[in-house]
Amino acid sequence: MDTIVLDVGETLVRDDLYWASWADWLGVPRHTVSALVGAAVVNGRDNSDALRLVRPGIDIDTEYAAREAAGRGEELGEADLYPDVRPALAGLRVLGVRVIVAGNQTEKMGRLLRALELPADLVVTSAEWGAAKPDPTFFARVLDVSGAPADRTLYIGDHPANDVHPAKEAGLRAAHLRRGPWGYWWADAPEVTEAADWSISTLTDLISIVTSTG
């Protein structure tokens with residue numbers, strides 16, 4: 001592989017504090033939102049449906065803006081990263097691999113991610129691109145910045161419908177990460193194991209993938 005492209009939520013960054021902050025904002029117990037996110041996962045629904053179940057009719061964009069205005073918006077720190085992130089990304093760059101971070105996130109999250117100074121060549125979000133997964137336009141943009149052919153570009157993520165399947169449809173290689181609600185729930189589903197070129201449980205597995213594929 002010449003280029004490795006990584007999803008953000010539950011690939012690089014833990015989402016538990018993200019959902020906890022929404023629970024606090026909406027005034028419900030944190031475990032309630034966590035459980036509803038899990039229910040959305042197993043029913044193949046969008047995770048934001050958890051918020052719509054708590055507050056029917058909620059306009060999430062408007063509520064997001066209200067949180068930001070109140071000083072209770074998105075935050076990101078070193079503790080939010082999974083512990084294998086920096087070692088894996090640094091190891092890939094030592095091997096001469098181009099490392100890109102690209103996921104479904106806001107413009108603010110893009111700034112927060114770049115502030116962490118990850119060992120990556122590019123950090124970008126769907127909001128900055130104006131295209132979100134699983135839209136083919138998102139993966140076309142991935143190829144625009146990859147600097148490598150599609151079959152030498154590997155996309156890694158935890159979400160089959162947003163990561164594995166659309167990446168394969170775009171001609172990229174794909175690795176499914178067994179992490180987070182989607183990663184664990186769908187890890188052994190035949191449609192996922194058959195579609196993914198690799199199934200991994202840690203980002204450090206990417207080192208051996210690159211080494212074995214040349």
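Residues numbered from 1 in each chain as written. Predicted model: local features only at pLDDT ≥ 70, side-chain atom pairs only at ≥ 80, totals over all residues. Heavy atoms only, no water.

Peer 1: Before we move on, could you go through the pattern of salt bridges and cite the residues and values that matter?
Peer 2: In total, this model carries 17 salt bridges according to the counting rule given. Between Arg93 and Asp121 there is a salt bridge, and its shortest N-O distance comes to 3.2 Å. Residue Arg93 is located in helix H5 (residues 85-94), and its partner Asp121 is located in the loop between helix H6 (107-115) and strand S3 (122-125); the two are separated by 28 residues in the primary sequence. Relative accessible area serves as the criterion here: at 37%, Asp121 is assigned to the partly exposed category. (Salt bridge = Lys/Arg side-chain N within 4 Å of Asp/Glu carboxyl O. Helix = DSSP H or I, 4+ residues; strand = E, 2+ residues; numbered from the N terminus. Buried < 20%, exposed > 50% of the residue type's maximum accessible area, 1.4 Å probe, protein only.)

Peer 1: Could you give an account of the environment of Leu203, with specific residues and numbers?
Peer 2: Following the sequence through the fold, Leu203 ends up in the loop between strand S6 (198-200) and helix H12 (205-213). The exposure class assigned to Leu203 is buried, which follows from its relative accessible area of 0%. Measuring from C-alpha to C-alpha, the distance between Leu203 and Arg86 comes to 9.5 Å, with 117 residues separating the pair along the chain.

Peer 1: Tell me about the pairing of strand S1 (residues 3-6), and please be specific about residues and values.
Peer 2: Burial along S1 is two-sided: Thr3 and Val5 facing one way and Ile4 and Leu6 facing the other are all buried. Pairing of S1 with strand S2 (residues 98-103) involves four bridges; the strand directions are parallel. Paired with Thr3 across the two strands is Arg98, which belongs to S2. With four bridges joining them, S1 and strand S4 (residues 153-157) adopt parallel strand pairing. Note that in S4 the partner of Val5 across the bridge is Tyr155. (Pairing = 2+ DSSP bridges.)

Peer 1: Break down the nonpolar core for me, citing the residues and quoting the values.
Peer 2: Core analysis: the largest hydrophobic core is formed by 32 residues, its most contacted members being Ile4, Leu6, Leu12, Leu154, Ile156, Leu203 and Leu206. Elements supplying a minimum of two residues to this core: S1, H5, S2, H6, S4, strand S5 (173-177), S6 and H12. Per element, the largest residue contribution to this core is four residues, and it comes from H5. Ignoring sequence-local partners within four residues, the contact set of Leu12 consists of Leu6, Asp7, Asp80, Leu81, Tyr82, Val85, Leu89, Val101, Leu118 and Leu203. Within the second largest apolar cluster, 16 residues are counted, among which are Val5, Val124, Leu172 and Ala196. (Core = buried A, V, L, I, M, F, W, Y, C linked by side-chain atoms within 4.5 Å. Contact = heavy atoms within 4.5 Å.)

Peer 1: If you had to explain the sheet that holds S1 to someone new, which residues and values would you point to?
Peer 2: Across the sheet, which stays open at both edges, the six strands sit in the order S3-S2-S1-S4-S5-S6 with parallel pairing between neighbours. Each edge of the sheet is formed by a strand with only one pairing partner; in this case those strands are S3 and S6. Pairs of neighbouring strands in the sheet enclose a mean axial angle of 20°, with direction left out of account. Sheet strands in contact with helix H9 (residues 160-169) are S4 and S5, and its direction is about 160° off that of S5. (Axes fitted to C-alpha atoms, helices over the stretch in contact; angles between N-to-C directions.)

Peer 1: Just give me the short version of helix H2 (residues 30-42), but keep the residues and values in it.
Peer 2: With 13 residues, H2 extends 19 Å from end C-alpha to end C-alpha; this agrees with the ideal 18 Å at 1.5 Å per step. Those residues of H2 not exposed but buried are Val33, Val37, Ala40 and Val41. Looking straight down H2, one finds that the buried residues subtend no more than 105° of arc, so they occupy a single side. Of the surrounding elements, those touching the buried residues of H2 are helix H1 (16-26), helix H3 (49-54) and helix H10 (180-186). (Expected span 1.5 Å × (residues − 1). Arc of directions from axis to C-beta.)

Peer 1: Explain the packing of H1 against helix H4 (residues 60-69) residue by residue, including any values.
Peer 2: At a closest axis distance of 12 Å, the pairing of H1 and H4 adopts a crossing angle of 85°. With respect to their mutual orientation, H1 and H4 come out roughly perpendicular. Between H1 and H4, the contacting residues are Ser21, Trp22 and Trp25 on the first element and Ile60, Glu63, Tyr64, Ala66 and Arg67 on the second. Across the contact of H1 with H4, the residue classes tally to five nonpolar, one polar and two charged. (Parallel < 35°, antiparallel > 145°, perpendicular 65-115°, else oblique. Nonpolar A, V, L, I, M, F, W, Y, C, P; charged D, E, K, R; others polar.)

Peer 1: Before we move on, could you go through the environment of Arg30 and cite the residues and values that matter?
Peer 2: One can find Arg30 in helix H2. Accessibility expressed as a relative area gives 47% for Arg30, which makes it partly exposed. Remark: the alpha-carbon pair of Arg30 and Ala20, spanning 10 residues in sequence, is separated by 5.3 Å. Beyond its immediate chain neighbours, meaning those up to four positions away, Arg30 contacts Ala20, Ala23 and Asp24.

Treat this as a map of the structure, not an account of what it does.
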